[in-house]
Amino acid sequence: MMSSTRWTIASLLFSALTALACDDPSLPRGSASGAGGDDIGAGAGGGSSAGADGSVTGTGATADASSVGAGAGGAPSGAGGTADGTTTAATGNGGSGGGPPQPEEAFTLLFRDDFDRLEPARWQLMTHSWTENLALFSQSAATIESGQLVIRLTPAPAGTTDSSGAAKTFLGAEVRSVETLTYGRVRARVKLARGSAVVSSLVTIYTPWPADNWNELDIECLGAKPNDVQFNAMVYTGAPVRPPVTQSVSPTQHPQKVDLGFDPSEDFHTYQIEWTPSGARFSVDDALRHEWTERIDLMVLPQNVLMTIWASSSAAWAGAVTAETGRASATYDWIELYRYTP
């Protein structure tokens with residue numbers, strides 16, 4: 001039997017060797033970058049925007065980068081995750097290399113409108129159209145009903161034309177903000193419209209016309225298949241044009257259709273556009289569904305906020321005109337405008 005002194009020394013040596021073995025970096029353990037990710041996204045827990053546990057931006061998706069939503073720091077199909085490489089079940093959040101959503105303190109609320117009335121200091125009712133729009137925007141198509149803004153698409157009286165003399169089949173609505181944003185956030189609780197050929201939307205856009213430049217961000221519900229919402233960013237990539245102009249420039253578009261997994265015409269949901277110098281982020285019910293950064297360097301112009309309903313002449317895009325086209329409506333419960341203040 002060894003003495004008590006030898007026993008103590010042996011115990012200390014055993015403890016030290018055990019600790020060294022546990023700290024051996026060659027032993028398998030959970031990685032802070034998570035498991036699985038490939039070139040589609042950052043993988044579970046991966047991406048610089050997520051931190052070690054993926055909890056800042058990534059709320060889920062699978063380790064192989066789910067096609068729904070966006071992952072932590074990855075492409076729109078990336079994934080969130082935890083420090084041990086496991087994944088969580090939900091739509092990913094983050095973005096295509098653009099980093100995490102901006103902190104709340106980076107945005108200042110300009111106003112929230114609960115639509116008790118249509119405030120003329122905030123909103124303009126437009127009366128124009130364009131070639132692909134089968135509707136003429138009309139002031140009569142926007143009304144306040146029970147504390148909500150309702151915009152409708154209805155059959156136009158016979159002989160209705162726009163300012164160019166082009167015949168228009170429908171009356172629609174464009175409610176345009178008086179205020180402009182150069183970087184900011186727009187949030188609205190909306191029940192979007194159903195109907196073949198019907199487009200209802202939440203938009204930010206640079207509005208001088210004819211356009212000497214183009215900046216536009218869209219959330220558009222295509223009523224023929226209302227589950228399919230199109231997120232879009234439009235910028236002008238041609239040679240600079242000096243105002244005044246007589247012929248409008250044409251934008252380059254970056255559309256992305258997403259199946260929301262529900263019919264946005266059946267109930268209210270919260271839609272958000274967040275625009276900063278690093279990217280444009282499109283969210284539904286506070287889940288990031290698309291992020292655009294490709295030409296964000298060109299998205300620098302002051303933009304008005306629009307709530308619209310109109311009919312598209314493109315059957316391939318929004319569906320063919322049917323009897324239901326002239327019976328469509330979208331309802332806006334409230335809207336918030338924020339200015340970006342880094």
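Scroll up to find the structure this text is about.
Residues numbered from 1 in each chain as written. Predicted model: local features only at pLDDT ≥ 70, side-chain atom pairs only at ≥ 80, totals over all residues. Heavy atoms only, no water.

Novice: What exactly am I supposed to notice about the layout of surface pockets here?
Specialist: Empty space among the atoms becomes visible once a probe the size of a water molecule is rolled across them. The computed volume of the largest pocket comes to approximately 1000 Å³. Residue lining of the largest pocket: 34 residues in total, with Trp 130, Glu 132, Ile 205, Trp 214 and Glu 216 positioned closest to the centre. Of all elements in the fold, only strand E6 (170-181), strand E8 (198-205), strand E9 (215-222), strand E10 (228-235) and strand E16 (303-311) reach the threshold of two or more residues within the lining of the largest pocket. (1 Å grid on protein atoms, 1.4 Å probe; cavity = no way out; pocket = protein on both sides within 12 Å on 5 of 7 lines; lining within 4 Å. Points joined across faces, edges and corners; volume = space filled by probe spheres on them. Helix = DSSP H or I, 4+ residues; strand = E, 2+ residues; numbered from the N terminus.)

Novice: Sorry if this is basic, but what is going on with unusual backbone geometry here?
Specialist: In terms of backbone geometry, most residues other than glycine have negative phi values and most peptide bonds are trans. Of the consecutive residues Trp 209 and Pro 210, the connecting peptide bond is found in the cis state with omega at -5°. With respect to the helices and strands, the residue Pro 210 is situated in the loop between E8 and E9. Look at the link from Pro 243 to Pro 244: it is a cis peptide, with omega at 0°. Within the secondary structure, Pro 244 is located in the loop between E10 and strand E11 (252-253). Even without being a glycine, Tyr 183 presents a positive backbone phi close to 75°. Looking at the secondary structure, you find Tyr 183 in the loop between E6 and strand E7 (184-191).

Novice: Help me understand the side chain of Glu 291 in this model?
Specialist: Within the fold, Glu 291 resides in strand E15 (residues 287-292). Under the relative-accessibility criterion, Glu 291 is labelled buried at 3%. (Buried < 20%, exposed > 50% of the residue type's maximum accessible area, 1.4 Å probe, protein only.)

Novice: When you look at the environment of Pro 103 in this model, what are you seeing that I'm missing?
Specialist: In this structure, Pro 103 sits in the loop between helix H1 (4-22) and strand E1 (107-113). Note: C-alpha distance between Pro 103 and Pro 342 (239 residues apart in sequence) is 9.1 Å.

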